[in-house]
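Each chain, written out:
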Amino acid sequence: MASQIVRRVLARSSNPSSSSTRSLDGFFFSSSSSSTTGAATNGSITATLFPGDGIGPEIAESVKQVFKSAEVPIEWEEHYVGTEIDPRTQSFLTWESLESVRRNRVGLKGPMATPIGKGHRSLNLTLRKELNLYANVRPCYSLPGYKTRYDDVDLITIRENTEGEYSGLEHQVVRGVVESLKIITRQASLRVAEYAFHYAKTHGRERVSAIHKANIMQKTDGLFLKCCREVAEKYPEITYEEVIIDNCCMMLVKNPALFDVLVMPNLYGDIISDLCAGLIGGLGLTPSCNIGEGGIALAEAVHGSAPDIAGKNMANPTALLLSAVTMLHHLELHDKADRIQNAILTTIAEGKYRTVDLGGSSSTSDFTKAVCDHL
């Protein structure tokens, strides 16, 4: 085992593609061209924007300012969370907002807060279910100039997004005893596994790790692994391995360079992706994009809505900005995306304009202006 780990670390360190300055077009592939997205009459592309709750509107405004400075041909179709339950979606998201994403096929979402324990359907779960966003893809890479405990993080987490423990099937058996059902299907497992391997092959990645707990949950996670093995046979050039979830957490903390692409069921993906974000500085620096069937892509900031600092001009817009970059790559606007990404990374690396969560004292508007200046 020790020799295997040494070989893997040496292989990663000698691979020039693992540079921390990798463009985000190395993290996503476009499953649809811009011609299939919503087109405005002036030749620009229409994208749905959910500003979200709390700090959401402030950081969404940062994205709009940066896009305007970079002359990105995007027209935003904005939708806000409702104040009452829409019976058609069983959540505060309106049916019209979901239809907007279906029509435009691309969107950007700020943080959304769902009241805990109130019986309301999760806003994020509603989006994933209604839009069939089956894969959540999060690139996790060290940012040049921003020092953390690790300098060589460069991995991708791919999370099955529609079932597992998050199927939302819970009930009370008797008083004091509740039951939650974990659903794993062959269809969903094959779909996300196929995406993970195709992604690895398309982007020059060498290894796919399936994360599981099949030693305990033999039926559910066992089916997930069976599907991953089936897909792996079609990609002999990609190294395939299976790692138990608890061991995976330990290995990530000890040496994240051991991993390349990780694919996993819903709950494990939720945990592991946040763990990986912690390796590079937190959710405030982590982009994310949800991929759906038919070419739908919904990029999002995965951090919370931070109501305690909402309206105080203190929020860090980096995560939503980098997520917007992934959206541009999906639309094949690679030049615009690279310009914006480079401006963001340069601003952070210089260290003059950093928000409080990054150890600085700059406001949201100051950071946004610095990014625009670096364009």
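The structure we're discussing is the one just above.
The paragraphs below set out a description of the structure included in this document. Please read these numbers as outputs of a predicted model, since none were measured by experiment.

Basis of the calculations
- Residues numbered from 1 in each chain as written.
- Predicted model: local features only at pLDDT ≥ 70, side-chain atom pairs only at ≥ 80, totals over all residues.
- Heavy atoms only, no water.
- Buried < 20%, exposed > 50% of the residue type's maximum accessible area, 1.4 Å probe, protein only.
- Helix = DSSP H or I, 4+ residues; strand = E, 2+ residues; numbered from the N terminus.
- Pairing = 2+ DSSP bridges.
- Axes fitted to C-alpha atoms, helices over the stretch in contact; angles between N-to-C directions.
- Parallel < 35°, antiparallel > 145°, perpendicular 65-115°, else oblique.
- Left-handed = near helix turned anticlockwise from the far one by under 90°.
- Contact = heavy atoms within 4.5 Å.
- Nonpolar A, V, L, I, M, F, W, Y, C, P; charged D, E, K, R; others polar.
- Core = buried A, V, L, I, M, F, W, Y, C linked by side-chain atoms within 4.5 Å.

Details of the pairing of strand β11 (residues 261–264)
So, step 1. Taking every second residue as pointing to the same face, both faces of β11 are buried, with Val261 and Val263 on one and Leu262 and Met264 on the other.
So, step 2. Two strands pair when backbone bridges link them, and strand β9 (residues 207–212) and β11 are joined in this way by three bridges, in the parallel orientation. Bridge pairing in β11 places Ser209 opposite Leu262.

What to know about the packing of helix α2 (residues 56–69) against helix α11 (residues 364–373)
So, step 1. Taken N-terminus to C-terminus, the directions of α2 and α11 make an angle of 20°; their axes are 9 Å apart at the nearest point. On the basis of the axis angle, α2 is roughly parallel to α11. For α2 against α11, the interelement crossing comes out right-handed. Counted together, Ser62, Gln65, Val66 and Ser69 of α2 and Thr364, Thr368, Val371 and Cys372 of α11 form the full contact between these two elements.
So, step 2. When grouped by side-chain class, the residues that make up the contact of α2 with α11 number three nonpolar, five polar and no charged.

What to know about the nonpolar core
So, step 1. Membership of the largest hydrophobic core comes to 69 residues, with the highest contact counts inside it found for Phe67, Ile74, Ile158, Val263, Met327, Leu328 and Ile340.
So, step 2. Of all the elements, helix α9 (residues 318–330) adds the most residues to this core, at eight residues.
So, step 3. If we skip the residues at most four places from it in the chain, Ile158 touches Ala135, Asn136, Val137, Val192, Tyr195, Ala196, Tyr199, Val261, Leu262, Val263 and Met264.
So, step 4. If you look at the next biggest cluster of nonpolar residues, it comprises 19 residues, including Ile211, Phe259, Cys276 and Ile280.

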